[in-house]
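In case you want the letters, here they are:
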Amino acid sequence: PVSINLNLETILSEGFIEFDKEVKSVIKASIILEIQVADVFADINAYVAARNLAHNLGYRVCIDGLSRLSVTQIGRESMGFDFAKMHWNADMKAELSGSISQPLRDAIARFGAH
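Since the model is a prediction, treat every value here as computed from it, not as a measurement. (Residues numbered from 1 in each chain as written. Predicted model: local features only at pLDDT ≥ 70, side-chain atom pairs only at ≥ 80, totals over all residues. Heavy atoms only, no water.)

Would you explain a nonpolar patch on the surface in this entry?
Together, Phe41, Ile44 and Val48 make up a nonpolar patch on the protein surface, roughly 240 Å² of accessible area in all. If you trace the backbone, Phe41 turns up in helix 4 (residues 37-42). You can call Phe41 partly exposed: its relative accessible area is 49%. (Patch = residues over 30% accessible without salt bridge, like charges linked within 9 Å, V, L, I, M, F, W, Y side chains within 5 Å. Areas by Shrake-Rupley, 256 points an atom, 1.4 Å probe, with all protein chains shown as cover. Salt bridge = Lys/Arg side-chain N within 4 Å of Asp/Glu carboxyl O. Helix = DSSP H or I, 4+ residues; strand = E, 2+ residues; numbered from the N terminus. Buried < 20%, exposed > 50% of the residue type's maximum accessible area, 1.4 Å probe, protein only.)

Below, the structure written as structure tokens:
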């Protein structure tokens, strides 16, 4: 798979439709469109339209830029994304074993491994 960071305006543009026409159908499933979480919540309606377009065209969608707090606030099923990408640092590994990080562990478990 290859990921491409795009904003919502780009995915909803004519330029993206032109790009899509050049991509072979069998390759689309290996392309992941990454959208920053800030863009998603800046215009949720545009996100839904872009996500639906991407899925209808055969691409997968990743919400990028999640923090350890924001990852607990969104749901994969309710938001309809395929992947989530969160900021990580070495200190978080130790924090995952503490009781304060139970919401983070629960969110990771809800997202699943695919």
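Honestly, the pattern of salt bridges in this entry has me stumped. Any pointers?
Two side chains that carry opposite charge are able to pair once their charged atoms sit near each other. What the rule picks out here adds up to 4 salt bridges. The salt bridge involving Glu34 is made with Lys85; its shortest N-O contact spans 3.0 Å. Taken together, the residues Glu34 in strand 2 (residues 31-36) and Lys85 in strand 4 (residues 83-86) connect sequence positions 51 residues apart. Take Lys85: its relative accessible area is 36%, and that puts it in the partly exposed class.

How should the packing of aromatic side chains be read in this particular structure?
Each aromatic ring pair is described using two quantities: the centre-to-centre distance and the angle formed by the ring planes. Tallied over the full model, the rule gives 2 aromatic pairs. Their ring planes at 35° and their centres at 5.8 Å tell us that Phe16 and Phe19 sit as a pair that is tilted. Remark: Phe19 and Phe16 occur in helix 2 (residues 14-22); sequence separation between them is 3 residues, near one turn of the helix. Accessibility expressed as a relative area gives 3% for Phe16, which makes it buried. Note on Phe16 and Tyr59: the rings are 5.6 Å apart at their centroids and 55° apart in plane angle, and the pair reads as tilted. Linking Phe16 in helix 2 with Tyr59 in the loop between helix 5 (44-57) and strand 3 (60-66), this pair joins segments that are 43 residues apart in sequence. What makes Tyr59 buried here is its relative accessible area of 2%. One aromatic cluster in this structure is built from Phe16, Phe19 and Tyr59. (Phe/Tyr/Trp six-rings, centres within 6.5 Å; stacked < 30°, edge-to-face > 60°.)

What's the story with the sheet that holds strand 1 (residues 2-5) in this structure? I'm lost.
Strand pairing in a sheet is mediated by backbone hydrogen bonds. Such pairs are either parallel or antiparallel. Taken in spatial order, the 4 strands line up as 1-2-3-4 in an open sheet, and their pairing is parallel. At either end of the open sheet lies a strand with only one pairing partner, and these are strand 1 and strand 4. Pairs of neighbouring strands in the sheet enclose a mean axial angle of 30°, with direction left out of account. Direction of pairing for strand 1 relative to strand 2: parallel, over a ladder of 4 bridges. Residue pairing in the sheet places Asn5 in a bridge with Glu34 of strand 2. (Pairing = 2+ DSSP bridges. Axes fitted to C-alpha atoms, helices over the stretch in contact; angles between N-to-C directions.)

The quantities given are spatial measurements derived from coordinates; they are silent on function.
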